[in-house]
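Fold and contact review
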Amino acid sequence: MADIVQNLAIHTENLTKIFRDFWGHKRVVAVDALDLDIRMHEVYGLLGPNGSGKSTTIKLLLGLLYPTRGRAYVLGSPPGNVKINARIGFLPEDSHLYPFLNARETLDFYGRLFGLTRQQRRSRSESLLEMVGLSGVGGRLVGQFSKGMQRRIGLAQALINDPDLLILDEPTSGLDPIGTRQIKNLIQELGRRGKTVLLCSHLLADVEDVCDRIGILYGGKMQIEGSVADLLEQKEMTEIRTVRLPDEILEQIRQLIRRDQPSIPLEILTPRNRLEEFFLQTVSAAQAAAIETSGATAGSGVSDFLTDASETISRTEQVIEHLVHPAEWPVAEPSAAGSGLTEPVDPADPTGPSPSSSDQRKVLDSLVQVPAAAAEDENDHTQSSGSLTSPVAPAGPADAPAAPVKPASAGESVDRSLIEQLTRRRRQDSAAEPPESSSAAGDDPAVPKSPAPDEQT
Amino acid sequence: MGQIWAVARYQVLEILRIRSLMAFTGFVLMVCILAFAVWLHYGWGPGDQKVQTYLSYSLRLTGNFLSLLAIFLSAGAVTRDVQRREIFTIATKPVRRGQYLVGKFLGTALWNLAVLLLAGTAIYATGCVLAHTEPRNDAERRRLDELILTARRTATPTLVGVTDEMIEQQARQEAQPQIEENLRSLEMSDPMVVEAMKNRVIQDQINKVTQRFRSAQPGGFLTWHFQGIRPRDPASGSLFIRFKQDVSINPPDLALTNVWFIGPDPDVLHTQQPIITQDAIRTVHEFPVPVDRLSETGELYVAYVNPVENYPATVVYPLPTRLRSGFGLEALYIAGGFEGNFLRTLAAMYLRLVFLTAVGLAAGAYLSYPVAILVVLVIYILGLSSNFLADAINWQLATVRETTTASRLLLLVFPQFAAYDPVPQIEKGRFVEWALLGKALAFMVVIKGGLIALVGYLLFKFRELARVIA
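This report concerns the structure included in the present document. (Residues numbered from 1 in each chain as written. Chains lettered and ligands numbered in written order. Predicted model: local features only at pLDDT ≥ 70, side-chain atom pairs only at ≥ 80, totals over all residues. Heavy atoms only, no water.)

A few points about the packing of helix H1 (residues 2–16) of chain B against helix H5 (residues 97–133) of chain B
All names here are of chain B. It is the contact of H1 with H5, at a shortest axis distance of 7 Å, that shows an interaxial angle of 45°. With respect to H5, the axis of H1 lies oblique. Seen from above, H1 lies across H5 with right-handed handedness. Taking contact as the criterion, the partners of Gln3, Ile4, Trp5, Val7, Ala8, Gln11, Val12, Glu14, Ile15 and Leu16 in H1 are, on H5, Gln99, Tyr100, Val102, Gly103, Lys104, Leu106, Gly107, Thr108, Leu110 and Trp111. Its residues assigned to classes, the contact of H1 with H5 comprises twelve nonpolar, six polar and two charged. (Axes fitted to C-alpha atoms, helices over the stretch in contact; angles between N-to-C directions. Helix = DSSP H or I, 4+ residues; strand = E, 2+ residues; numbered from the N terminus. Parallel < 35°, antiparallel > 145°, perpendicular 65-115°, else oblique. Left-handed = near helix turned anticlockwise from the far one by under 90°. Contact = heavy atoms within 4.5 Å. Nonpolar A, V, L, I, M, F, W, Y, C, P; charged D, E, K, R; others polar.)

Okay, structure coming up:
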């Protein structure tokens, strides 16, 4: 039993929370006999509608509430253990930061609570502010921040101790699509670095994009739990993706299918970009044109001080990992992803090797994603590629060529004409020297480096 | 310790950034105090009394305002964090709840100290200016220096030739008929009730006998003996005899002629020259005596003669009562400077702020902000009226012995701000005793404040921080 608890990041047994009124009458059963296991180095998504018990579960795990029944263990200890708290990063639902402190002071304060040295506090604060895109407003009071900016600084404070376990309660609420994408990318990157992440949200797309496993709560009870791939795979459907095909070829394909399977539903569609993608392209173009903003900027990549938790895996485990997973994983050729038909890879394929979650993701990425260079070259093709879906194209990463499974995908298909248009307008407005490309945008893994305006013109 | 200091540091920063509060504090402490000094300057009255009024007003205003401020800030320190839920991000860091509370306490207490020192500096500086400009003649300046801007200690005397045993023995003898009469007429059978009745009758008789020994008929005299008088400067200067007299029959002009013989030996009636004063009855008077009348061991004998011209008035030196202590006869001597006294006054005021901060934090650790404020304000008002409450309880202790345990517990629970209030001392130029500071620290801060803080800590330690208690 003790071993199980030690080897899990979070473990609950029959965890129950009943809220009672002043007279002790039972009012709400917020969490009902919850058994939850979250493994180390896993990104776990806790889903559920409002009032389903997600936030209460998190508060129970953090010792902010006490269970009515049952037990919980976080990193091997009961909640509220001060030593364990030093390894946890927590972003509450509404940030809840001191409004009278500015962004730098906020990070300094939380750094002090973790006992960081002055040098550490200073360097980590600057690095995190850069990462969340608030380095330009580090001297502004948090109380004057917009909600999205407060979420960003809230995320920064959750990371200042380089946590092993990150608990995020609705991390993307109030964020603009860029911020949402950045946080999702960040969670993915943290997951790659071996951090354990518990993500609590009712925004399904967020969870789907970043989580290894999910659990769905309703009425305080766990309704279903499993890996994202297992739960979302539509085993009865087939999807073929390729470039735009002439109508005659499409008709031939249709006839071919009808000939063998005349009764099955069949639909041939031209895919559309998601609005999120289009929005990101537009804003990326504006950032590339260095249009001024008083809000948050794009932010940079993941801060350097955030360690790779996988480095802490014991030597024995490394050997086992090495033996189980061959060093060379099959990486698909870019051309296979960019122009040819792709076949879905079943990660649970018993015949093949069983890669670790991060390796698995890399392999999947390489198989289903368009490499950045290839995507830029073939931008027009991507826009006009066709999709054969039977009967309806499933939503999710497979539906969007630039799905956020890969950090660089956000701006792979930035429309150069947009950049040129915005740059030209800005030059006309300011009649100033042509601005250099935004460093913030250039450093952002979510927003690929765009060519400098001079190069474009 | 780093975590405690972090919480304390940012608590101070939070208070500093409530700009409206800062402005209001500055207005009350600076503008009101300075404006009052200006108003006094243009007002009517002796210069020494103006300075005395200024000291009394400014110190009381500062003490009461900072007390209220300490209550509001400390009660809000935790409740704000809980209600705005900033506690979520703090309690999930490696900070123990006790460390968090201590940090909040330290931050609020440091801020109180800073403001008190600032206000104290302003009061002292303004007082110095007034002391320089207000006295219009040497007499006012001398009174100011000797009676107000100084630190005088009090010595209380014993009657020569009269002991407590003697008084009690006589009182018991005189009380016996009254006790027997009560036993007969009231038909008491319960031994406890009988004992309580006896004690009450004997105590009344002791007061009567004592009062009789403190009386001088026309032509009679009393000799008082003071010990332990240690003036700061034994070679020169004055000490002061302070007295208040009552009479059996009012003299026609409500004033008495008093004859005093003061010296280092018991036989002062024969060795010293008389000092004759004319004084109104039932009023406190002071007259100076050269310090060389003291013996080397700090003893002083004061013989009072009630001259026959006061006939038929018998002069009585009233006993100190629980409501009015120090009346009768006492000797005052300069034992220190005003600056030291002023600093001790500020220290005593600060101890009250520390106590209120602890109580405010303890209340805020569990209750919501308005309820916590209400609780602490009630305690504060009880503390301010502690003299009256203590008198009532003491009276009960002295008369109804059956309820002593409950009454003593009540006395222990009540914060007695008045008992540790230094302002009545400093405004009269009295020495603010170190013992007063020690008692305030031990009983008010450590014992009562500590107990309340411990209860607050336990409530906070086990409360669910994610639940706001309305």
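Here's the deal with the sheet that holds strand S2 (residues 158–159) of chain B
All names here are of chain B. With respect to topology, five strands assemble into an open sheet ordered S2-S4-S10-S7-S8, the strand pairing being antiparallel. Strands with a single pairing partner mark the edges of an open sheet, and in this sheet they are S2 and strand S8 (274–280). As paired strands, strand S7 (residues 255–263) and S8 are joined by seven bridges and run antiparallel to one another. Bridging across to S8, Trp260 finds its partner in Ile275. (Pairing = 2+ DSSP bridges.)

Describing the interface of chain A and chain B
Listed by partner, the interface residues are 32 residues for chain A and 31 residues for chain B. Among the residues chain A hides against chain B, the three largest losses belong to A:Leu64, A:Phe100 and A:Leu113. Together they make up 23% of the total. Linking chain A to chain B there are two salt bridges. Among the ionic pairs, B:Glu464 bridges to A:Lys17, the shortest N-O distance being 2.5 Å. Applying the counting criterion to the chain A and chain B interface returns 19 residue pairs in polar contact (both at pLDDT 80 or more). Looking at the side of chain A that touches chain B element by element, the count peaks at six residues for helix H4 (residues 103–113) of chain A. Among the residues making up the side of chain A that touches chain B, the classes are represented as 19 nonpolar, seven polar and six charged. (Buried area = accessible area lost by both parts, 1.4 Å probe. Salt bridge = Lys/Arg side-chain N within 4 Å of Asp/Glu carboxyl O. Polar contact = N/O pair within 3.5 Å; in protein donor to acceptor, adjacent residues only side chain to side chain.)

As for the nonpolar core
It is characteristic of soluble globular proteins that their nonpolar side chains tend to be buried jointly. Core analysis: the largest hydrophobic core is formed by 89 residues, its most contacted members being A:Ile153, A:Leu198 and B:Tyr100. Take this core: its biggest share by element is six residues, from helix H6 (residues 147–159) of chain A. With residues up to four places along the chain from it excluded, the contact list for B:Tyr100 reads B:Val7, B:Ala77, B:Val78, B:Asp81, B:Ile87, B:Ile90, B:Val95 and B:Phe460. (Core = buried A, V, L, I, M, F, W, Y, C linked by side-chain atoms within 4.5 Å. Buried < 20%, exposed > 50% of the residue type's maximum accessible area, 1.4 Å probe, protein only.)

A few points about the packing of aromatic side chains
All names here are of chain B. Per the counting criterion, the structure on display carries 19 aromatic pairs over all chains. Ring geometry for Tyr124 against Phe338: centres 6.3 Å apart, planes inclined by 15°, an arrangement best described as stacked. Taken together, the residues Tyr124 in helix H5 and Phe338 in helix H10 (residues 338–364) connect sequence positions 214 residues apart. An angle of 80° between the planes, with centres 5.5 Å apart, marks the rings of Trp224 and Tyr317 as edge-to-face. Here Trp224, found in strand S4 (residues 221–226), pairs with Tyr317, found in the loop between strand S11 (315–316) and strand S12 (329–336); they are 93 residues apart in sequence, far enough to count as distant. (Phe/Tyr/Trp six-rings, centres within 6.5 Å; stacked < 30°, edge-to-face > 60°.)

Regarding the sheet that holds strand S3 (residues 43–47) of chain A
All names here are of chain A. Spatial strand order, S5-S6-S7-S3-S8-S9: six strands in an open sheet with mixed pairing. Two strands lie at the open edges of the sheet, namely strand S5 (88–91) and strand S9 (221–227), each paired on one side alone. Neighbour-to-neighbour, the strand axes of the sheet open up by a mean angle of 15°, direction not taken into account. Of the strand pairs in this sheet, strand S8 (residues 213–218) and S9 are connected by six bridges, and their pairing is antiparallel. Looking across to S9, one finds that Leu217 is bridged to Met222. Across the sheet, helix H2 (residues 54–61) touches S3, S5, strand S6 (165–169), strand S7 (196–201) and S8, and the angle it forms with S7 is around 145°. Set on the sheet, H6 makes contact with S5 and S6; between it and S5 the angle comes to about 165°.

Some words on the pattern of salt bridges
Considering all chains together, one arrives at 37 salt bridges over all chains under this definition. Across the pair A:Asp94 and A:Lys147 runs a salt bridge, and its minimum N-O distance is 3.9 Å. Separated by 53 residues along the polypeptide, A:Asp94 in the loop between S5 and H4 and A:Lys147 in helix H6 bring together distant segments of the chain. When its relative accessible area of 37% is taken as the criterion, A:Asp94 is described as partly exposed. Notably, a salt bridge pairs B:Lys104 with B:Asp81, separated by 3.2 Å at the nearest N-O pair. Residue B:Lys104 is located in helix H5, and its partner B:Asp81 is located in helix H3 (residues 47–83); the two are separated by 23 residues in the primary sequence. Both residues of the pair, B:Lys104 and B:Asp81, count as buried. Each of B:Arg152, B:Arg242, B:Glu286, B:Glu330 and B:Arg430 takes part in a single network of salt bridges with overlapping partners.

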